[in-house]
Every structure is written in structure tokens, then in C-alpha cells.
Amino acid sequence: MPTNPFREGLATRPAPGPGVLVIFGASGDLTRRKLVPALYNLAHEGELPANFAVVGFARTPISHDEFRRQLHEAATHHARFTPLNPAVWATFADGIFYQAGDYANPASYRELAALLDQLDRQRGTAGRRVFYLAVPPAEFEPISRQLAAAGLVQADHRVIVEKPFGHDLASARALNAALTKVFAERQLLRIDHYLGKETVQNILVMRFANEIFDPLWNQKYVDHVQITVAESLGVGRRAGYYDTSGALRDMVQNHMMQLLALVAMEPPIAWEAEVIRDEKVKVLRAIRPVAPECSVRGQYIGYRDEPGVAADSHTETFVALKLFIENWRWSGVPFYLRTGKRLALSASEVRVQFRRTPNVLFAAQCGQRLDANALTLRLQPQEGISLHFNGKVPGIGTTVQAVPWSGRVA
Ligand code: BG6
């Protein structure tokens, strides 16, 4: 196997310890499309500890084996390493369990606690538990209270929540207050899965582990930045959630703002979560309120016919914004954000477009304008970085033309 230079040095990282991941909302889309495929990927890469288990918790009464069958199908469709390796799957599936229950019923949590104790004994999961709330946000608070009441919240337990984290500022604050009543701040992980993507993690590495980009990374040299997350998929079977959310809440305030913050932030003083968070906050605070004429909302044709979508829905499935970050580095540089479902193709990328060079030399041969340089960080598909620069077309004469250079980073 060729060595991956980005993995060198990882051998010194501590191996993950034992534990159980309990997924509330085990029959939902997030579990099927993201969580279980991601866990299988980790199993495939040998990154899961031996003493590990996954417990799915949802309403429908099914057996452990039926749950394993459903997850096998999900991983077959959505894992990165396909076709699935039967031996890896078999070992992973041995650690998969299912607990049917009602989120509001204390008895269900007692049953869950009994299963978790049993797994500690049988699989050596050592009482370490992570609760992943892959459920609508209205369930976050009741589930947290029930977990606490059943004695399931110990100091070394963690709870993971994803967006939507409230609907607006007031509801986000209320939800935060409710969760922090039950969990200490260090137990509470509010995650954004975009931050797990290789290329997203590579934005800061690329910016701050290379000397060549930083001197150019400002309003003097950057003409504009484009952040695009285009999806060809429609709303699928998620209308119940999506129709109350829309592209702005589903993609922009979370994933795209994270991308924006990583591209625009100042160098953090340490590679530590809170330090990086503080720098991101400074960027977000510097964003000027978006003028109505700098935003576009759209809905794809056929959206209202999707199962579960209101016939008169005005929910946007596309949004584009022009933002300005009013700080020393970025003043006057437009950041264009756009995202949508059922678009012509699936492609996510960050493009940093530099200013044009003054074309005093080649105007006679190539017209007045030379292509501007652009650095593109492609998140998916085909993660990679590419740089567009100008070069001479081989042959007699001096014709200048844009030449793409690209490299894979993952
Ligand atoms: C989720 C959104 O957070 O991200 C979905 O709710 C979207 O609507 C998904 O499809 C996109 O994630 P990815 O990893 O497929 O780009």
C-alpha cells in the first residue's frame, strides 16, 4: 500500500479507548446515511477499539439481527470503503445492538441502562458512553432529562447533538440552557459533520503550514471568495425536517459558515479547539448584515410534489448570498456563498479568486485580460486542491493561457 504522507506521525496518537455509542434516532436518515457508514469506515481503517459497541435506540421494535441487517444495507450504499469487507463487517456487526423504546418512557431508559451494563460486562466497554441524539431537536431536552433521571449521565459520558440547534437565536439559547442543566459544557459536543471532512480539516493546514499562501490571503490580493455546496440529491424522505428548515438553516448557518470561518480566520495561537473557536467567532462577528439585494432564495421544480412537503411550501431549497467581512484582512472582498438541492451536479468547493495581474506585457498577444489566478479547495467529489495560473502555450509566439495544476490531498 502506498504510504500516505498525511498519515505519517499519526502512530504517536493514543489509540481510542473502549466505549459504547448509543444512537437515539437509530432508524433515521442521519444514522443510515452518515453515522453508520462513518463507523464502518473507521472499522475498515482499524480505528475502532476492540471493546466497542453501538446501541441503536428507536421506537420500532426490531431484533438486534434485523437492526444489523438494516445497517449493513446502509453501509453498503453509503460507506467510503465499498464493497464492504465481509470480515470487517462481521467484527463490526458483533458489536451492534438495538434497544426499542419510547423517548418519553422512563422504563425504556431503565432497559437501556441494563443493556449498557450488560455490554460493559460482555464486551468490556468500561462504562464509557457517548449518546448521539440523531433526533429532531424537540427531543433533545426530554431525552437528556430522561438520561439523567435513569442515572445514565456520569462525568465521563458525552452527548452529541447536531443541527438544527433551535430555529432562531431565542430557541437556540433556550435549548442550550436546557442541555447545560443536564450536561456540563465539556460533556456536550455540538458537532458539524463538515469539520470531519479531510479537505475541510486541510484548509487550516494548507493556510498555516505553508508560507506561500498567507502573504496573499487578504483584500490586497484576493478579488473574491466563492463557497459552493451543490447537491444533485433532492429532499428525499426528509421533508418532515427539511420543509421546516430550508437551505439557509440546513446548510448555511452551519456547514457554510464553518467553511467561511476557516477560510477567513486569523492564525490561531495554538492548535486547540477553544483557541480556534475564538478566532472563528471573530470572523462571524465581523460579517456585515446581508442586504436583501445580496441574497437569492429558490425552490427546485417538483419540490412541492415530494412526499411530506406542503403543497404551498415556500421553503427555499437554494440560497445564494454575498457577504462582506468587515475587518482589516477582508474589508471590501465579497464572499459568495451558494448551496442547493437538485442542482445539475454535486460539487462542493471553496474558490479563492485572486486579483488580475496588470496585463502590460501580453496584451498584444492575448487581449487585454489575462485569467485571474484561483486556488480551489475541492471538498467533494475528488477531494483536492487546484491552482489556476497562466503559462505559455508551447510553440512559436507567446500565447498565454490558464493552466490548471491540481493535487490530491486525501
Ligand atoms: C446535512 C444536511 O447536514 O448535510 C443535508 O442536513 C445535506 O441536507 C448534508 O444533504 C450534506 O452533507 P454531505 O456530507 O453529503 O456534503
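As shown above, the structure is provided for reference.
Now for a quick tour of the structure. Here the structure is a predicted model, which means the values were calculated and not measured.

Reading the values: rules and limits
- Residues numbered from 1 in each chain as written.
- Predicted model: local features only at pLDDT ≥ 70, side-chain atom pairs only at ≥ 80, totals over all residues.
- Heavy atoms only, no water.
- Core = buried A, V, L, I, M, F, W, Y, C linked by side-chain atoms within 4.5 Å.
- Buried < 20%, exposed > 50% of the residue type's maximum accessible area, 1.4 Å probe, protein only.
- Contact = heavy atoms within 4.5 Å.
- Near = heavy atom within 4 Å.
- Polar contact = N/O pair within 3.5 Å; in protein donor to acceptor, adjacent residues only side chain to side chain.
- Areas by Shrake-Rupley, 256 points an atom, 1.4 Å probe, with all protein chains shown as cover.
- Helix = DSSP H or I, 4+ residues; strand = E, 2+ residues; numbered from the N terminus.

**Focus on the nonpolar core**
The nonpolar side chains of a soluble globular protein tend to be buried with one another.
Stage number 1. Formed by 53 residues in total, the largest nonpolar core has its most connected members in Phe24, Val55, Trp89 and Phe92.
Stage number 2. Filtering out sequence-adjacent residues up to four positions away, Phe92 remains in contact with Val36, Leu39, Tyr40, Ala43, Leu48 and Val54.

**Let's talk about the site of the ligand**
Stage number 1. Surrounding the ligand, one finds 13 residues, the nearest of these being Lys163, Tyr194, Lys197, Glu231 and Asp250.
Stage number 2. Taking Tyr194, its side chain carries an N or O atom lying 2.6 Å from an oxygen atom of the ligand.
Stage number 3. In this structure, Glu231 approaches the ligand through a side-chain N or O atom, which is 2.5 Å from an oxygen atom.
Stage number 4. Taking 390 Å² as the accessible area of the ligand by itself, protein coverage stands at 91%.
Stage number 5. Only helix H1 (29-44) and helix H9 (246-264) provide two or more residues apiece to the shell around the ligand.

**What to know about the environment of Gly298**
Stage number 1. Inspection of the secondary structure assignment puts Gly298 in strand S8 (residues 295-298).
Stage number 2. The class for Gly298 is partly exposed, based on a relative accessible area of 23%.
Stage number 3. Residues Gly298 and Gly340, spaced 42 residues apart in sequence, show a C-alpha to C-alpha distance of 8.5 Å.
Stage number 4. Ignoring anything within four residues of it in the chain, the contact list for Gly298 reads Glu316, Thr317 and Phe318.

**Quick notes on the side chain of Thr125**
Stage number 1. Its location among the elements puts Thr125 in the loop between helix H4 (106-123) and strand S4 (129-133).
Stage number 2. Judged by its relative accessible area of 0%, Thr125 is buried.
Stage number 3. A distance of 3.3 Å separates a polar atom in the side chain of Thr125 from the backbone oxygen of Leu119.
Stage number 4. Once residues lying within four places of it in the same chain are set aside, the contact partners of Thr125 are Pro18, Gly19, Val20, Asn51, Phe52, Ala53, Leu119 and Asp120.

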